[in-house]
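What follows is the residue order along each chain.
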Amino acid sequence: MTAPGSGRGIGNGESAAEITTTFVGLPRDSFRILHVSTGNVCRSPITERLTRHAVRERLGVLGGGLIVESAGTWGHEGAPMESHAETVLADFGADASGFTGRELLDEHVIRADLVLTATRDHRAQVISMGHSAGLRTFTLKEFTRLVKAIDPATLPPLEEGVVIRARALVRAAAALRGWLLAPNAEADEVYDPYGAPLTFFRSIGDEIHQALDPVVTALTGVPAKT
């Protein structure tokens, strides 16, 4: 299976040469964020598309090398996004078009610079796949908590590029992980809305949106518009 993702900016489609370049460890000018949930039809598509939307709003461009994608540990390969998830994205003005679900594969984890999962179980499954994923895999809410504790002044300025800044952010978050623990087990979870009514989907969408805001601010160095 060929995984979606672009070597330039946020989008879909990449060449075999770009994939090979990443696998052999040659210098890259991109930073891949992989969102992971169970079926890849609800939470991770919402998170993927809200991330893309937020980056575009902050930077006014496709992301300067940021690639945002998603997959599911029990991914519904080729399935469309749940209709309620599309509605949630429309609520935020984000684009839901062109999405197809996919199952999480080794190649996705290998290429990802940052993996953000919906739950701790998803995080454990990603890490269990190997590929030195431990230092770059977090639950979304865990990463948000860690990012909030990082002084933005310690990160490279945006002038040096989003990719350099993003890599520094992940290193800083990983260094804090053992020192800044969750207040309780549920604090790092985004619960599955699959099969739930639209009202629950919207509450999950709000939860994801709030968790993403400080992350995108730290990545781009640009706060959300008020």
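Residues numbered from 1 in each chain as written. Predicted model: local features only at pLDDT ≥ 70, side-chain atom pairs only at ≥ 80, totals over all residues. Heavy atoms only, no water.

Per an unreviewed UniProt entry, the chain goes by the name Low molecular weight phosphatase family protein and belongs to Streptomyces indiaensis.

Our next topic: helix H5 (residues 120-128). Taken together, the buried positions of H5 are His122, Arg123 and Val126. Each buried residue of H5 sits inside an arc of 100° when the element is viewed along its axis, so together they form one side. Exposed and facing more than 90 degrees away from the buried side of H5 are Asp121 and Ser128. Taken together, the buried residues of H5 touch strand E1 (31-37), helix H2 (43-59), helix H4 (106-111), strand E3 (114-117), strand E4 (137-139) and helix H6 (140-148). You can read the cap of H5 off the contacts: a side-chain oxygen lies 3.4 Å from the backbone nitrogen of aspartate 121, and it is on threonine 119. (Buried < 20%, exposed > 50% of the residue type's maximum accessible area, 1.4 Å probe, protein only. Helix = DSSP H or I, 4+ residues; strand = E, 2+ residues; numbered from the N terminus. Arc of directions from axis to C-beta. Contact = heavy atoms within 4.5 Å. Polar contact = N/O pair within 3.5 Å; in protein donor to acceptor, adjacent residues only side chain to side chain.)

With that out of the way, let us pick up the sheet that holds E4. Taken in spatial order, the 4 strands make up an open sheet running E2-E1-E3-E4, and their pairing is parallel. Each of the sheet's edge strands pairs with one partner strand only, and the pair in question is strand E2 (66-72) and E4. Sheet twist, expressed as the mean angle between neighbouring strand axes with direction ignored, is 25°. Sheet topology places E1 next to E2; 7 bridges connect them, and they run parallel. Each bridged residue has a counterpart across the sheet, and for leucine 34 the counterpart in E2 is glutamate 69. Those strands touched by H2 are E1 and E2, and its axis lies near 170° from that of E2. Taken strand by strand, H6 contacts E3 and E4, and its axis lies near 95° from that of E4. (Pairing = 2+ DSSP bridges. Axes fitted to C-alpha atoms, helices over the stretch in contact; angles between N-to-C directions.)

Before going further, it helps to examine the packing of aromatic side chains. All told, the structure shown has 1 aromatic pair when counted by the stated rule. Considering the side-chain rings of phenylalanine 138 and phenylalanine 143, the 4.9 Å spacing of their centres and the 50° angle between planes classify their relative orientation as tilted. Of the two residues, phenylalanine 138 and phenylalanine 143, both sit in the buried class. (Phe/Tyr/Trp six-rings, centres within 6.5 Å; stacked < 30°, edge-to-face > 60°.)

In the structure shown here, the tally under the stated rule is 1 cavity of 30 Å³ or more. Of the voids in this model, the largest cavity is the one considered here, and its volume is about 70 Å³. In this structure, the largest cavity is lined by His35, Val36, Ser37, Arg43, Ser44, Thr47, Leu116, Thr117, Ala118, Leu140, Val190 and Ile208. Put simply, the parts of the chain that give the lining of the largest cavity at least two residues each are E1, H2 and E3. For the lining of the largest cavity, a count of residues per class yields 6 nonpolar, 5 polar and 1 charged. (1 Å grid on protein atoms, 1.4 Å probe; cavity = no way out; pocket = protein on both sides within 12 Å on 5 of 7 lines; lining within 4 Å. Points joined across faces, edges and corners; volume = space filled by probe spheres on them. Nonpolar A, V, L, I, M, F, W, Y, C, P; charged D, E, K, R; others polar.)

The contact between helix H7 (residues 162-176) and helix H8 (residues 198-220) brings their axes to 8 Å, and the two run at 125°. Classified by the interaxial angle, the pair formed by H7 and H8 is oblique. Along its contact with H7, which presents Val162, Arg165, Ala166 and Leu169, the element H8 presents Val215, Thr217, Ala218, Leu219 and Thr220. (Parallel < 35°, antiparallel > 145°, perpendicular 65-115°, else oblique.)

A separate point is the packing of H6 against H7. Two elements in contact, H6 and H7, have axes separated by 9 Å at closest approach and are oriented at 95°. If you check the angle between H6 and H7, you find them roughly perpendicular. Residue-level contacts link Phe143, Leu146 and Val147 of H6 to Leu169, Val170, Ala173 and Leu176 of H7. Residue composition of the contact of H6 with H7, grouped by class: 7 nonpolar, no polar and no charged.

What follows deals with the nonpolar core. Core analysis: the biggest nonpolar cluster contains 46 residues, and Phe31, Ile46, Leu114, Phe138, Phe143, Leu169 and Ile208 have the highest contact counts within it. When residues of this core are traced back to their parent elements, those giving at least two are E1, H2, E2, helix H3 (83-91), E3, H6, H7 and H8. By residue number, the principal contributor to this core is H8, which donates 9 residues. Counting residues in each nonpolar core, the second largest holds 9 residues, with Val36, Leu104, Val109 and Ala133 among its members. (Core = buried A, V, L, I, M, F, W, Y, C linked by side-chain atoms within 4.5 Å.)

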